[in-house]
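Listed here are the chains, written in short residue letters.
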Amino acid sequence: MGPVPDLHLTGRVLAGPDDVRDGLWVVGGRVSLTPPAHDRDTVTVDGWVLPGLVDAHCHVGLGRHGAVDRAETERQARADRDAGALLLRDAGSPADTRWTDARPDLPPVIRAGRHIARTRRYIRGYADEVEPEGLAAAVRREARRGDGWVKIVGDWIDRATGDLAPCWPADAVRAAIAAAHAEGARVTTHCFAGDSLRDLVEAGIDCVEHATGLTEDTIPLFAEHGVAIVPTLVNIATFPALAAGGDAKYPRWSAHMRRLHERRYHTVRAAWDAGVPVYTGTDAGGSLAHGLIAAEVAELVRAGIPPLDALSAATWGARAWLGRPGLTEGAPADLVVYPADPRADIRVLARPTRVVLRGQVVA
């Protein structure tokens, strides 16, 4: 990428849910709320401006069978970028993607290291598989490799019972989360069912991915402890097909997955109504395509979350939760321009007219 030109954003800038500005400038790749002092020519861009969207659950460098090569990793990151997702929280990947940090044309990635799963209780080739006595050490190791997050697999199918079941005893979870927190890392966990949720929250979990097993008993617990959820509704949409594939061998699991799918919108809306923090994530990588962030925001609205709050789950709120700036003075100019007001029609998120990353128009 060559020298970064200055930009003048002349439309309406949605710097926050209650902060609408008449334009801003990009000077030297960073946000400026005042005109530049020099007389250099600038490029004018008009439209409705949002901070770069956040995909808080994706898997960069992951394919159906494990790690992918650099060319495929780049294609994944570019698909997210071109869709307007300019901050990615990688919720587990066996690939070393640190090389993308040196690429100014690829979005920043907040890594959670590699998934940590119970032995033979997860997708082959994805995770560091350990037994309960080794969980805390594995978490400590991944905390040192990641960017302030660790990902454990909280439940998965138990082939002995033919249904979803917790992967870890409560004492192992407590020790593991304490180890991560001692390293300065937050912990998130994959959970479809509800059986492990109380143990995880009481152990100090920071976030739960998918969270389809939330009920009226556990939602207040999440709200009380401030545990966030990333529902990944575009991934939950695949549950019926997964269930159909398991009908013959694991009928209990298949029926369970269908029930979770059927009440997915009610679950998310009930959590949001109770004050549980909700953020956007697509679960891209593995079997799901990258670049689906607009569809995930639309799914939150379909679940009953007001459009402005769904936008926040992908922009202002998500960036604050992850400790990254939005459109503030001096922040990296990571922003997306749309042809119309996304607050009035959330579907416009699928039609960005400009994507600006680190001050450079990249799409």
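Our subject is the structure listed above.
Residues numbered from 1 in each chain as written. Predicted model: local features only at pLDDT ≥ 70, side-chain atom pairs only at ≥ 80, totals over all residues. Heavy atoms only, no water.

> Residues and numbers for the packing of aromatic side chains, please.
Under the counting rule described, the total for this entry stands at six aromatic pairs. A centroid spacing of 4.7 Å and a plane angle of 70° characterise the contact between Tyr-122 and Trp-156, whose relative ring orientation is edge-to-face. Of this pair, Tyr-122 sits in the loop between β11 (116-118) and β12 (128-130) while Trp-156 sits in strand β14 (residues 155-158), placing them 34 residues apart in sequence. Per residue, the accessibility class of Tyr-122 equals that of Trp-156, and both read buried. Cation over ring: Arg-89 sits above Trp-149, and NZ or CZ is 4.6 Å from the ring centre. The ring of Tyr-265 has Arg-264 lying over it, and the distance from NZ or CZ to the ring centre is 4.2 Å. (Phe/Tyr/Trp six-rings, centres within 6.5 Å; stacked < 30°, edge-to-face > 60°. Helix = DSSP H or I, 4+ residues; strand = E, 2+ residues; numbered from the N terminus. Buried < 20%, exposed > 50% of the residue type's maximum accessible area, 1.4 Å probe, protein only. Lys NZ or Arg CZ within 6 Å of the ring centre and 35° of its normal.)

> Describe the layout of surface pockets, listing the residues and the values that go with them.
In this structure, the largest pocket occupies an estimated 840 Å³ of space. Around the largest pocket, the lining comprises 32 residues; the ones closest to its centre are Ile-123, Trp-156, Phe-192, Leu-242 and Ser-287. Elements that contribute at least two residues to the lining of the largest pocket include exactly β14, α7 (239-246) and α8 (251-262). Per element, the largest residue contribution to the lining of the largest pocket is five residues, and it comes from α7. The class makeup of the residues in the lining of the largest pocket is 15 nonpolar, 12 polar and five charged. (1 Å grid on protein atoms, 1.4 Å probe; cavity = no way out; pocket = protein on both sides within 12 Å on 5 of 7 lines; lining within 4 Å. Points joined across faces, edges and corners; volume = space filled by probe spheres on them. Nonpolar A, V, L, I, M, F, W, Y, C, P; charged D, E, K, R; others polar.)

> Residues and numbers for the sheet that holds strand β6 (residues 53-58), please.
Spatially, three strands are ordered β6-β9-β10 in an open sheet, and the strand pairing comes out parallel. In this open sheet, the two edge strands, each paired with only one partner strand, are β6 and β10 (109-111). With direction set aside, neighbouring strand axes in the sheet form an average angle of 15°. Bridge analysis of β6 against strand β9 (residues 85-90) gives four bridges, and the strand direction is parallel. Following the sheet pairing, Cys-58 is matched in β9 by Asp-90. (Pairing = 2+ DSSP bridges. Axes fitted to C-alpha atoms, helices over the stretch in contact; angles between N-to-C directions.)

> Please provide a residue-by-residue account of helix α2 (residues 135-145), values included.
Those residues of α2 not exposed but buried are Leu-135, Ala-136, Ala-138, Val-139, Glu-142 and Ala-143. Looking straight down α2, one finds that the buried residues subtend no more than 160° of arc, so they occupy a single side. Contacts made by the buried residues of α2 are with β11, β12, β13 (149-153) and α3 (170-182). (Arc of directions from axis to C-beta. Contact = heavy atoms within 4.5 Å.)

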